[in-house]
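# Structural characterization, general
This is what each chain is made of:
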Amino acid sequence: MRQIIAGNWKMYGQLGGVTAYAEAIRTAPDHVDLLICPPFTLLDRFSTALKGSAIALGAQDCHGAAQGAHTGDIAAPMLAEAGASHVIVGHSERRENHGETNADVRAKAVAALAAGLTPIVCVGETEAQRDAGEAEHVVRTQLTHSLPENFAGVVAYEPVWAIGTGRPPTEAEVAAMHTTIRAALVAQLGGGGEKINILYGGSVKPGNAASLLALPEVGGALVGGASLKPEDLLAIAAAAPRG
Ligand code: PEP
């Protein structure tokens, strides 16, 4: 399975920086699938700047409806029109800051699939949940209730306490959770569960990417802070195992 290296720009970035960034990442190694998820306002500019490259474009959220009276939200078909092929749903910053439930995340994933987008569904426990020994239960519950039937997309395991902290889990913890997630996906989706890339996200940097990406059942990375620097994203992509 080819690894996916996805950059999540969060609420950073301006139009003026897009062309130079896109030019820089065009030199990405071709043994991984590279994906950039900038803020909505940059999608169209990125789509133009990445034309002719194999680099994919994603958004960071979508609504569960195809259109409607939802001020401030964005619909999956609008993202597709702007050039996106992927969309992150259920990022912990959305779950925490906007009170998104597993049911909301599921509706967003359904809407994304209906618009022809590949959803990247994020799951992950808080530090308190891990300390209480509940991490695997929390993640399994999120998968059960956030993934639609016959889900065909990507899953990202992002322990909340590792995001933006510079403190990723140990390799053993990542490997154990990814193995748990794979088993849950197969139990839930049958053979389809074998084909899903399970990304790891949370403080991935050029210095730790090779060891994290080599772990069992890790199918790539969702990279926040480090994706803002093209040279760091390229170094992470280069660190992914070949074939
Ligand atoms: C993220 O925002 O999805 C993320 C993993 O952030 P960081 O890489 O900065 O921890």
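Definitions and limits used
- Residues numbered from 1 in each chain as written.
- Predicted model: local features only at pLDDT ≥ 70, side-chain atom pairs only at ≥ 80, totals over all residues.
- Heavy atoms only, no water.
- Helix = DSSP H or I, 4+ residues; strand = E, 2+ residues; numbered from the N terminus.
- Rg over C-alpha atoms; globule rule 2.2 N^0.38 Å.
- Buried < 20%, exposed > 50% of the residue type's maximum accessible area, 1.4 Å probe, protein only.
- Contact = heavy atoms within 4.5 Å.
- Areas by Shrake-Rupley, 256 points an atom, 1.4 Å probe, with all protein chains shown as cover.
- Lys, Arg positive; Asp, Glu negative; His and termini not counted.
- Charge placed at Lys NZ, Arg CZ, Asp CG, Glu CD.
- Near = heavy atom within 4 Å.
- Polar contact = N/O pair within 3.5 Å; in protein donor to acceptor, adjacent residues only side chain to side chain.
- Nonpolar A, V, L, I, M, F, W, Y, C, P; charged D, E, K, R; others polar.
- Pairing = 2+ DSSP bridges.
- Right-handed = clockwise from strand over helix to strand, strands pointing away.
- Salt bridge = Lys/Arg side-chain N within 4 Å of Asp/Glu carboxyl O.
- Arc of directions from axis to C-beta.
- Axes fitted to C-alpha atoms, helices over the stretch in contact; angles between N-to-C directions.
- Parallel < 35°, antiparallel > 145°, perpendicular 65-115°, else oblique.
- Left-handed = near helix turned anticlockwise from the far one by under 90°.

## Describing the overall build of the protein chain
- Of the regular secondary structure elements, the protein chain holds 10 helices and 8 strands.
- For 243 residues, the compact-globule estimate of 2.2 N^0.38 gives 18 Å, and the protein chain sits close to it at 17 Å.
- In the protein chain, which comprises 243 residues, the proportion classed as buried is 52%.
- A separation of at least 24 residues holds for 71% of the contacts in the protein chain among residues at least 6 apart in sequence.
- Accessible surface for the protein chain amounts to roughly 10,600 Å². Of this, 53% is attributable to carbon and sulfur atoms.
- Placing the 17 positive and 24 negative side-chain charges of the protein chain at their respective mean positions leaves the two points 4 Å apart.

## Details of the site of the ligand
- Taken together, 14 residues surround the ligand, and among them Lys-10, Glu-158, Gly-164, Ser-203 and Gly-224 come closest.
- With respect to the ligand, the side chain of His-91 contributes an N or O atom lying 2.9 Å from an oxygen atom.
- Here the ligand loses 98% of its free accessible area of 290 Å² to cover by the protein chains.
- Its residues placed into classes, the shell around the ligand shows 4 nonpolar, 8 polar and 2 charged.

## Description of the pairing of strand 7 (residues 198-201)
- Burial along strand 7 is two-sided: the residues Ile-198 and Tyr-200 and Leu-199 and Gly-201 are all buried.
- When strand 6 (residues 154-157) meets strand 7, the two strands line up parallel, connected through 3 bridges. Note that in strand 7 the partner of Val-155 across the bridge is Ile-198.
- Once you follow strand 6 into helix 8 (residues 171-189) and on to strand 7, the crossover reads as right-handed.
- Of the pairings in the sheet, the one linking strand 7 to strand 8 (residues 220-223) comprises 2 bridges and is parallel in character. Bridging from a neighbouring strand, Gly-201 pairs with Leu-222 of strand 8.

## Digging into the pattern of salt bridges
- Using the criterion set out here, one finds 12 salt bridges in the structure.
- Of the charged contacts, one joins Asp-61 and Lys-108 as a salt bridge, the two residues approaching to 2.8 Å between their closest N and O atoms. Residue Asp-61 is found in the loop between strand 3 (56-59) and helix 3 (76-81), and its partner Lys-108 is found in helix 5 (residues 102-114); the two are separated by 47 residues along the sequence. One exposure class covers both Asp-61 and Lys-108, and it is buried.
- Ionic pairing is found between Arg-94 and Glu-100, a salt bridge with its closest N-O pair at 3.1 Å.
- With relative accessibility at 9%, the residue Glu-100 sits in the buried group.
- Via salt bridges that share partners, Asp-61, Arg-94, Glu-100 and Lys-108 belong to a single interconnected network.

## A word on helix 9 (residues 206-213)
- Residues Asn-208, Ala-209, Leu-212 and Leu-213 constitute the buried set of helix 9. Angular distribution of buried residues about the axis of helix 9 spans 125°; they occupy a single face of the element.
- On the buried face of helix 9, the contacting elements are strand 1 (3-8), helix 8, strand 7, strand 8 and helix 10 (230-239).

## Remarks on the packing of helix 5 against helix 7 (residues 135-146)
- Interhelical geometry of helix 5 versus helix 7 gives an angle of 45° and a closest axis separation of 8 Å. As judged from the angle between their axes, helix 5 and helix 7 are oblique. In this structure, the crossing between helix 5 and helix 7 has a hand that is right-handed. In contact with Asn-102, Ala-103, Val-105, Arg-106 and Ala-109 of helix 5, helix 7 contributes Thr-141, Gln-142, His-145 and Ser-146.
- Per-class residue counts for the contact of helix 5 with helix 7 are 3 nonpolar, 5 polar and 1 charged.

This is a description of form; function is not addressed.
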